[in-house]
Amino acid sequence: MLDKLKKRRTQYALGKKLPISETQVEALVKEAIRLSPSSFNSQSSRAVILFGKESDKFWSIAREALRAIVPASDFEATNQKINSFASGAGTVLFYEDQEPIKALQANFPLYAHNFPIWSEHSTGMAQLAVWTALADAGIGASLQHYHPLVDAETAKTWNIPASWVLTAQMPFGSNEAAFPEKTFIDDELRFRTYR
Ligand SMILES: Cc1cc2nc3c(=O)[nH]c(=O)nc-3n(C[C@H](O)[C@H](O)[C@H](O)COP(=O)(O)O)c2cc1C
(Lines give C-alpha, C1' and ligand atoms only; values in the text may rest on other atoms or scores of the structure.)
Protein backbone atom coordinates (compact mmCIF):
# COMPACT_ATOMS: atom_id res chain seq x y z
CA MET A 1 0.00 0.00 0.00
CA LEU A 2 2.68 2.56 1.00
CA ASP A 3 4.75 1.65 -2.05
CA LYS A 4 1.72 2.50 -4.19
CA LEU A 5 1.16 5.81 -2.37
CA LYS A 6 4.83 6.63 -2.97
CA LYS A 7 4.34 6.25 -6.71
CA ARG A 8 1.60 8.91 -6.78
CA ARG A 9 2.96 12.30 -7.75
CA THR A 10 1.77 15.35 -9.64
CA GLN A 11 2.75 14.94 -13.29
CA TYR A 12 2.31 17.94 -15.60
CA ALA A 13 4.41 16.54 -18.48
CA LEU A 14 1.84 14.21 -20.02
CA GLY A 15 1.92 12.26 -23.25
CA LYS A 16 -0.58 10.13 -25.14
CA LYS A 17 1.06 6.70 -24.91
CA LEU A 18 -0.74 4.71 -22.22
CA PRO A 19 1.01 1.61 -20.82
CA ILE A 20 -2.38 -0.18 -20.62
CA SER A 21 -5.48 -0.07 -22.84
CA GLU A 22 -8.19 2.60 -22.48
CA THR A 23 -10.59 -0.16 -21.44
CA GLN A 24 -8.21 -1.14 -18.63
CA VAL A 25 -7.85 2.48 -17.53
CA GLU A 26 -11.62 2.83 -17.51
CA ALA A 27 -11.99 -0.33 -15.40
CA LEU A 28 -9.30 0.84 -13.00
CA VAL A 29 -10.94 4.26 -12.48
CA LYS A 30 -14.34 2.67 -11.90
CA GLU A 31 -13.01 0.11 -9.44
CA ALA A 32 -10.97 2.69 -7.50
CA ILE A 33 -14.11 4.83 -7.04
CA ARG A 34 -16.31 1.82 -6.26
CA LEU A 35 -13.89 0.72 -3.54
CA SER A 36 -13.63 4.20 -1.98
CA PRO A 37 -15.56 4.85 1.23
CA SER A 38 -18.44 7.34 1.55
CA SER A 39 -20.44 8.60 4.51
CA PHE A 40 -23.25 6.19 5.42
CA ASN A 41 -22.14 4.26 2.32
CA SER A 42 -24.01 6.87 0.26
CA GLN A 43 -21.77 6.18 -2.77
CA SER A 44 -22.21 9.77 -3.90
CA SER A 45 -19.08 9.94 -6.08
CA ARG A 46 -19.53 9.96 -9.85
CA ALA A 47 -17.01 10.15 -12.67
CA VAL A 48 -16.93 10.97 -16.35
CA ILE A 49 -13.94 9.36 -18.06
CA LEU A 50 -12.82 11.15 -21.21
CA PHE A 51 -10.29 9.78 -23.68
CA GLY A 52 -8.64 11.37 -26.72
CA LYS A 53 -10.81 13.89 -28.55
CA GLU A 54 -13.38 13.91 -25.75
CA SER A 55 -10.68 14.95 -23.29
CA ASP A 56 -9.46 17.59 -25.78
CA LYS A 57 -13.03 18.89 -25.89
CA PHE A 58 -12.99 19.38 -22.11
CA TRP A 59 -9.72 21.33 -22.22
CA SER A 60 -11.07 23.48 -25.07
CA ILE A 61 -14.03 24.34 -22.86
CA ALA A 62 -11.63 25.30 -20.04
CA ARG A 63 -9.43 27.30 -22.44
CA GLU A 64 -12.35 29.33 -23.81
CA ALA A 65 -13.80 29.92 -20.33
CA LEU A 66 -10.40 31.18 -19.17
CA ARG A 67 -9.88 33.32 -22.27
CA ALA A 68 -13.02 35.21 -21.27
CA ILE A 69 -11.63 36.16 -17.84
CA VAL A 70 -7.81 36.17 -18.06
CA PRO A 71 -6.22 39.46 -19.24
CA ALA A 72 -5.01 39.04 -22.84
CA SER A 73 -1.41 39.84 -21.78
CA ASP A 74 -1.41 36.85 -19.36
CA PHE A 75 -3.32 34.44 -21.53
CA GLU A 76 -0.36 32.76 -23.22
CA ALA A 77 0.81 31.27 -19.90
CA THR A 78 -2.72 30.00 -19.23
CA ASN A 79 -2.91 28.62 -22.75
CA GLN A 80 0.36 26.70 -22.28
CA LYS A 81 -0.94 25.22 -19.04
CA ILE A 82 -4.12 24.05 -20.73
CA ASN A 83 -2.03 22.63 -23.60
CA SER A 84 -0.07 20.54 -21.08
CA PHE A 85 -3.28 18.98 -19.74
CA ALA A 86 -4.62 18.42 -23.27
CA SER A 87 -1.38 16.71 -24.27
CA GLY A 88 -2.31 13.72 -22.09
CA ALA A 89 -4.37 10.66 -23.03
CA GLY A 90 -7.49 11.55 -21.09
CA THR A 91 -9.18 13.26 -18.17
CA VAL A 92 -11.32 12.03 -15.30
CA LEU A 93 -14.02 14.47 -14.20
CA PHE A 94 -15.02 13.87 -10.59
CA TYR A 95 -18.54 14.70 -9.47
CA GLU A 96 -20.60 14.37 -6.30
CA ASP A 97 -24.27 13.54 -6.80
CA GLN A 98 -26.36 15.76 -4.52
CA GLU A 99 -29.38 13.38 -4.63
CA PRO A 100 -28.06 10.80 -2.12
CA ILE A 101 -26.74 13.66 0.02
CA LYS A 102 -30.17 15.34 0.13
CA ALA A 103 -31.78 11.98 0.94
CA LEU A 104 -29.40 11.49 3.88
CA GLN A 105 -30.13 15.02 5.11
CA ALA A 106 -33.84 14.27 5.06
CA ASN A 107 -33.41 10.90 6.77
CA PHE A 108 -30.89 12.01 9.39
CA PRO A 109 -31.72 15.65 10.27
CA LEU A 110 -29.32 15.54 13.22
CA TYR A 111 -26.37 15.26 10.82
CA ALA A 112 -27.88 17.36 8.02
CA HIS A 113 -25.14 20.00 8.06
CA ASN A 114 -22.41 17.32 7.92
CA PHE A 115 -23.44 15.45 4.80
CA PRO A 116 -22.18 18.08 2.28
CA ILE A 117 -18.87 18.18 4.20
CA TRP A 118 -18.59 14.41 4.18
CA SER A 119 -19.37 14.43 0.47
CA GLU A 120 -16.30 16.66 -0.01
CA HIS A 121 -14.28 14.16 2.00
CA SER A 122 -15.61 11.31 -0.14
CA THR A 123 -14.62 12.96 -3.40
CA GLY A 124 -11.11 13.57 -2.02
CA MET A 125 -10.81 9.91 -1.11
CA ALA A 126 -12.05 8.86 -4.54
CA GLN A 127 -9.53 11.21 -6.16
CA LEU A 128 -6.65 9.79 -4.14
CA ALA A 129 -7.74 6.23 -4.96
CA VAL A 130 -7.89 6.94 -8.70
CA TRP A 131 -4.64 8.95 -8.72
CA THR A 132 -2.83 6.17 -6.84
CA ALA A 133 -4.26 3.42 -9.04
CA LEU A 134 -3.22 5.33 -12.17
CA ALA A 135 0.27 5.86 -10.74
CA ASP A 136 0.53 2.17 -9.90
CA ALA A 137 -0.29 1.38 -13.53
CA GLY A 138 2.54 3.70 -14.65
CA ILE A 139 0.20 6.53 -15.66
CA GLY A 140 0.96 10.15 -14.71
CA ALA A 141 -1.78 12.55 -13.58
CA SER A 142 -2.46 15.82 -11.81
CA LEU A 143 -5.38 17.30 -9.94
CA GLN A 144 -7.05 20.40 -11.37
CA HIS A 145 -9.93 22.67 -10.36
CA TYR A 146 -11.49 24.63 -13.20
CA HIS A 147 -15.02 24.48 -11.82
CA PRO A 148 -17.35 26.27 -11.60
CA LEU A 149 -16.01 28.08 -14.67
CA VAL A 150 -16.48 25.04 -16.91
CA ASP A 151 -19.63 23.59 -15.33
CA ALA A 152 -22.37 24.79 -17.69
CA GLU A 153 -20.58 23.95 -20.96
CA THR A 154 -19.35 20.60 -19.58
CA ALA A 155 -22.85 19.66 -18.40
CA LYS A 156 -24.26 20.52 -21.82
CA THR A 157 -21.54 18.67 -23.75
CA TRP A 158 -21.81 15.35 -21.85
CA ASN A 159 -25.42 15.60 -20.70
CA ILE A 160 -24.48 15.63 -17.03
CA PRO A 161 -27.41 15.20 -14.60
CA ALA A 162 -28.37 18.46 -12.84
CA SER A 163 -27.73 16.87 -9.43
CA TRP A 164 -24.04 16.14 -10.19
CA VAL A 165 -21.60 18.77 -8.90
CA LEU A 166 -18.12 18.90 -10.43
CA THR A 167 -15.40 18.63 -7.75
CA ALA A 168 -12.11 18.02 -9.63
CA GLN A 169 -10.53 17.27 -12.99
CA MET A 170 -7.67 14.79 -13.35
CA PRO A 171 -5.76 14.91 -16.66
CA PHE A 172 -3.68 11.74 -17.16
CA GLY A 173 -1.26 10.21 -19.65
CA SER A 174 2.23 8.87 -20.07
CA ASN A 175 4.91 10.25 -17.74
CA GLU A 176 7.05 12.46 -19.98
CA ALA A 177 9.34 13.87 -17.26
CA ALA A 178 10.94 12.69 -14.05
CA PHE A 179 9.28 13.83 -10.84
CA PRO A 180 11.04 16.59 -8.91
CA GLU A 181 12.25 15.58 -5.48
CA LYS A 182 9.60 16.03 -2.81
CA THR A 183 10.57 17.35 0.59
CA PHE A 184 8.59 16.90 3.77
CA ILE A 185 8.11 19.14 6.80
CA ASP A 186 9.31 17.83 10.15
CA ASP A 187 7.35 14.96 11.62
CA GLU A 188 7.33 16.83 14.96
CA LEU A 189 5.12 19.49 13.40
CA ARG A 190 2.61 16.96 12.12
CA PHE A 191 2.36 13.99 14.37
CA ARG A 192 1.86 13.19 18.03
CA THR A 193 1.86 9.67 19.37
CA TYR A 194 0.87 8.71 22.88
CA ARG A 195 1.15 5.25 24.27
C1 LIG B 1 -7.08 19.23 -2.30
C2 LIG B 1 -5.99 19.41 -3.32
C3 LIG B 1 -6.12 20.38 -4.32
C4 LIG B 1 -5.14 20.51 -5.31
N5 LIG B 1 -5.35 21.39 -6.34
C6 LIG B 1 -4.45 21.48 -7.34
C7 LIG B 1 -4.70 22.31 -8.46
O8 LIG B 1 -5.75 22.97 -8.56
N9 LIG B 1 -3.76 22.37 -9.44
C10 LIG B 1 -2.60 21.62 -9.37
O11 LIG B 1 -1.80 21.70 -10.31
N12 LIG B 1 -2.36 20.80 -8.32
C13 LIG B 1 -3.26 20.70 -7.32
N14 LIG B 1 -3.03 19.85 -6.27
C15 LIG B 1 -1.79 19.03 -6.24
C16 LIG B 1 -0.78 19.53 -5.21
O17 LIG B 1 -0.22 20.75 -5.61
C18 LIG B 1 0.28 18.44 -5.05
O19 LIG B 1 -0.34 17.23 -4.69
C20 LIG B 1 1.35 18.81 -4.03
O21 LIG B 1 2.12 19.89 -4.45
C22 LIG B 1 2.28 17.64 -3.68
O23 LIG B 1 2.92 17.14 -4.83
P24 LIG B 1 2.74 15.62 -5.31
O25 LIG B 1 1.31 15.50 -5.82
O26 LIG B 1 3.76 15.42 -6.38
O27 LIG B 1 2.93 14.73 -4.13
C28 LIG B 1 -3.99 19.71 -5.27
C29 LIG B 1 -3.85 18.74 -4.25
C30 LIG B 1 -4.83 18.59 -3.30
C31 LIG B 1 -4.69 17.52 -2.25
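What counts, and where the lines are drawn
- Residues numbered from 1 in each chain as written.
- Predicted model: local features only at pLDDT ≥ 70, side-chain atom pairs only at ≥ 80, totals over all residues.
- Heavy atoms only, no water.
- Axes fitted to C-alpha atoms, helices over the stretch in contact; angles between N-to-C directions.
- Helix = DSSP H or I, 4+ residues; strand = E, 2+ residues; numbered from the N terminus.
- Parallel < 35°, antiparallel > 145°, perpendicular 65-115°, else oblique.
- Left-handed = near helix turned anticlockwise from the far one by under 90°.
- Contact = heavy atoms within 4.5 Å.
- Salt bridge = Lys/Arg side-chain N within 4 Å of Asp/Glu carboxyl O.
- Buried < 20%, exposed > 50% of the residue type's maximum accessible area, 1.4 Å probe, protein only.
- Pairing = 2+ DSSP bridges.

**A short note on the packing of helix 3 (residues 52-67) against helix 4 (residues 75-86)**
When two helices pack together, their arrangement is given by the angle between the helix axes and by the axis-to-axis distance. It is the contact of helix 3 with helix 4, at a shortest axis distance of 9 Å, that shows an interaxial angle of 170 degrees. The angle between the axes of helix 3 and helix 4 places the two elements in the roughly antiparallel class. For the pair helix 3 and helix 4, the sense of crossing is right-handed. Residue-level inspection shows Asp 56, Trp 59, Ala 62, Arg 63, Leu 66 and Arg 67 of helix 3 in contact with helix 4, the latter providing Phe 75, Thr 78, Asn 79, Ile 82, Asn 83, Phe 85 and Ala 86.

**Some remarks on the pattern of salt bridges**
For the structure shown, the criterion picks out 9 salt bridges. When the shortest N-O distance is used, the salt bridge between Glu 176 and Lys 17 registers 3.1 Å. Pair noted here: Glu 176 is in the loop between strand 5 (164-175) and helix 8 (187-190) and Lys 17 is in the loop between strand 1 (14-15) and helix 2 (22-34), with a separation of 159 residues, a long-range link. Judged by its relative accessible area of 41%, Glu 176 falls in the partly exposed class. Accessibility expressed as a relative area gives 59% for Lys 17, which makes it exposed. One salt bridge in this structure joins Glu 31 and Arg 34, with 2.5 Å as the shortest N-O distance. Here the residue Glu 31 and the residue Arg 34 both occupy positions in helix 2, the gap between them amounting to 3 residues, near one helical turn. Here Glu 31 falls in the partly exposed class, since its relative accessible area comes to 35%. When its relative accessible area of 59% is taken as the criterion, Arg 34 is described as exposed.

**Some remarks on the pairing of strand 5**
Among the 12 residues in strand 5, 9 count as buried, and that is most of the element. Judged from the 2 bridges that link them, strand 1 and strand 5 form a sheet pairing that is antiparallel. When the bridges of strand 5 are listed, Gly 15 appears paired with Ser 174. Pairing of strand 3 (residues 90-97) with strand 5, which is carried by 8 bridges, proceeds in the antiparallel orientation. By the bridge assignment for strand 5, Leu 93 is matched with Gln 169. Note that strand 4 (residues 139-141) and strand 5 share 3 bridges and pair antiparallel. Directly across from Gly 140, in strand 5, lies its bridge partner Gly 173.

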